[in-house]
Amino acid sequence: MSLEPSRATAAYPSLQKIRVVAEAAPGNSAHRAPGAAAPAPARRGGARAAPSVAPGHYRAYKPLPFTREERERVTLLFGGLHWRAERVIQGALENLGYRARILPTATRDDLLTGREVADNGQCCPTSFTVGNLSNFLREEAARSGADVVARDFVYITAGSCGACRFGQYHQSYELALRNAGLDSFRMFLLAQDGLSQGPAHGGGLDVNLPFTLGMVWALIVTDVIQDLEYQTRPYETNPGETDRVARECVEYLYGVFRSRPRRGEKWGALLWHLGTGYFARAMREVRRRFDAIEVDRLRVRPVVKITGEFYVQTVEGEPNHHIHRWLESEGAEVYPAAISIWLDYLLRLAGQDFEDRIGIDRHARWKARAIRLAQAALRGTHARMRRAMNHVPRDLPDQYELRRLAAPYYNGRLNGGEGDMLVGKALWAHYRKKAHMTCELSPYSCMPNTMSVGAMAAVLGKHPEILYAPIEIKGDAEVHALSRCQMILTEAKKRAQREFEETLARTGLTEAKLRAQIARRPELRRATYRVPHYGVAGTAANLVMHIAYGGR
């Protein structure tokens with residue numbers, strides 16, 4: 001049954017509260033230049049005229065131009081990652097002449113605002129990020145005015161297409177900006193599938209190779225630092241020292257990227273990034289600073305691998321209930337989710353699409369080989385940064401192994417969200433003894449994660465020994481989410497302790513003998529000392545094996 005608008009609002013009074021947004025016309029605020037005065041609203045009998053909806057086709061959001069002349073005055077806003085990556089990316093942007101500002105980490109207030117100003121049925125990462133931007137702009141507008149905000153700020157974020165609602169984020173942002181009275185604010189989406197995308201509308205934002213390579217290299221080096229940080233903090237003998245050194249190192253890398261040499265805008269930039277020792281030298285300085293941290297690796301800690309939807313597994317704060325720090329406070333060692341793995345996954349998806357077209361597209365074979373070369377360059381760069389850190393940070397898992405492991409349970413062509421990686425990483429961590437437990441962070445109403453959790457039911461049916469904690473992240477219900485994780489973590493602690501005791505029995509060593517060995521070899525107490533992986537998951541158990549085998 002359908003009702004005319006007037007009869008519908010009479011039958012359902014709650015519809016009267018819904019703001020109707022008319023299609024933007026040339027005189028409307030969506031087409032006004034920043035700073036231009038709004039036309040006076042039409043009035044009839046002293047009251048504002050009701051908005052009328054003009055029929056027409058859907059038109060995708062198109063921002064007003066951001067010109068090259070504005071670059072020195074306009075500030076680029078960005079966020080949605082962990083603080084290390086955001087700070088170093090800020091240095092890479094400033095190196096190219098942009099003014100850059102990091103949005104604060106989203107809070108529960110941002111979640112509620114996102115639900116208010118956009119679709120309240122969207123997945124919670126959308127609500128967090130949309131509300132985060134809306135609240136920031138509202139505060140700035142209250143200080144300096146909406147026209148000044150629209151003139152002096154531009155928002156950049158990643159965009160995509162596919163099954164995941166990540167492809168519709170821009171619609172939520174557009175709706176939120178309209179409802180916040182900031183129709184003329186400019187937002188630009190960066191596609192995930194191109195190194196050099198050219199100038200955006202107006203030419204002020206140029207997504208060229210130096211731009212993209214700066215971001216990718218910033219993500220790689222901060223992945224390496226984050227992994228070392230999380231391997232160090234649970235074992236530090238001086239509480240707080242790891243946090244202090246990590247912040248010093250990130251600030252140092254911010255300066256390194258801000259001072260990055262310029263080598264052209266095309267192939268010169270690519271060849272320089274691939275061949276230079278500039279970043280490896282910087283990472284050796286980071287290693288020198290971490291060298292000073294003293295650790296006690298005989299503390300038995302369960303290793304918990306974090307997987308899940310990209311945003312909630314990456315950010316550190318209220319959007320995921322501070323899950324990283326909470327796990328550490330409960331006595332765990334966190335195995336964080338590296339953003340580089342996501343980049344490798346995107347390349348793998350592109351490569352398998354080209355492989356499917358071999359014999360149909362005459363260029364498909366060469367394109368597939370080019371993707372393999374790009375993957376080798378990404379993984380090789382990550383390995384170089386690890387080498388500069390004495391190989392202590394963990395290597396990236398092989399994407400094709402993840403696909404093979406997940407194949408019986410999850411089709412590799414279902415590429416929404418993190419696709420088959422979530423199943424593949426859980427099995428990879430189990431088979432290779434990389435973690436005692438996997439904690440998968442699934443946002444409320446996230447479609448791809450819902451499918452992966454369903455596929456994991458089949459995995460657990462075949463491998464009931466896997467400790468797997470799927471946590472639904474809503475932004476609220478924190479106690480429920482953490483208590484569910486705590487139940488699995490309790491078993492992981494028992495498993496880590498049992499593994500440690502079995503390793504002692506196998507090697508014939510005691511804790512007293514181990515501590516005597518460590519006292520004679522002070523290098524074992526350095527955060528950057530590499531303890532190889534001996535087929536057990538725990539750090540303490542691997543150290544026992546290392547000492548038992550004479551440090552080989």
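That block above? That's the structure.
Residues numbered from 1 in each chain as written. Predicted model: local features only at pLDDT ≥ 70, side-chain atom pairs only at ≥ 80, totals over all residues. Heavy atoms only, no water.

Asker: Give a description of helix α20 (residues 539–548) that names residues and reports values.
Answerer: Three- or four-residue spacings in an α-helix give side chains the same orientation, since the helix completes a turn every 3.6 residues. When you tally the buried positions in α20, you get nine out of 10 residues, the bulk of the element. Summarising the contacts, the buried residues of α20 are in contact with β10 (333–335), α18 (478–507) and α19 (511–520). The first or second residue beyond α20 is G550, which carries a positive phi of 75°. (Buried < 20%, exposed > 50% of the residue type's maximum accessible area, 1.4 Å probe, protein only. Helix = DSSP H or I, 4+ residues; strand = E, 2+ residues; numbered from the N terminus. Contact = heavy atoms within 4.5 Å.)

Asker: Give a description of the sheet that holds strand β11 (residues 437–443) that names residues and reports values.
Answerer: Pairing is parallel in the open sheet, where four strands are placed in the order β10-β9-β11-β12. The sheet terminates laterally at β10 and β12 (468–473), the two strands that pair on one side only. Across the sheet, the axes of successive neighbouring strands diverge by a mean angle of 25°, strand direction being ignored. Taken together, the three bridges between strand β9 (residues 303–308) and β10 define a ladder with parallel strand orientation. (Pairing = 2+ DSSP bridges. Axes fitted to C-alpha atoms, helices over the stretch in contact; angles between N-to-C directions.)

Asker: Provide a residue-level description of the packing of aromatic side chains, including the pertinent values.
Answerer: Applying the stated criterion to the full structure yields 11 aromatic pairs. When the centroid spacing of 5.3 Å and the interplanar angle of 55° are considered together, the rings of Y155 and Y173 count as tilted. Linking Y155 in strand β5 (residues 153–159) with Y173 in helix α6 (residues 169–179), this pair joins segments that are 18 residues apart in sequence. Of the residues examined, Y173 reaches a relative accessible area of 2% and is grouped as buried. Between W272 and Y278 the ring centres are 5.8 Å apart and the planes differ by 45°, which places this aromatic pair in the tilted class. In this pair, the class of W272 matches that of Y278, namely buried. (Phe/Tyr/Trp six-rings, centres within 6.5 Å; stacked < 30°, edge-to-face > 60°.)

Asker: Can you lay out the packing of helix α7 (residues 209–232) against helix α9 (residues 267–275) for me, pointing to particular residues and giving the numbers?
Answerer: It is at 9 Å that the axes of α7 and α9 come closest, and there the two elements cross at 20°. By the angle class used here, α7 and α9 are roughly parallel. Between α7 and α9 lies a crossing whose hand is right-handed. Along its contact with α7, which presents L209, P210, L213, G214 and W217, the element α9 presents W267, A269, L270, H273 and L274. (Parallel < 35°, antiparallel > 145°, perpendicular 65-115°, else oblique. Left-handed = near helix turned anticlockwise from the far one by under 90°.)

Asker: Before we move on, could you go through the pairing of β11 and cite the residues and values that matter?
Answerer: Burial runs high along β11: seven of the seven residues are buried. Bridge analysis of β9 against β11 gives five bridges, and the strand direction is parallel. Within β11, the position partnered with I306 by the bridge is C439. Pairing analysis gives six bridges linking β11 to β12, with the strands arranged parallel. By the bridge assignment, L441 is partnered in β12 with I471.

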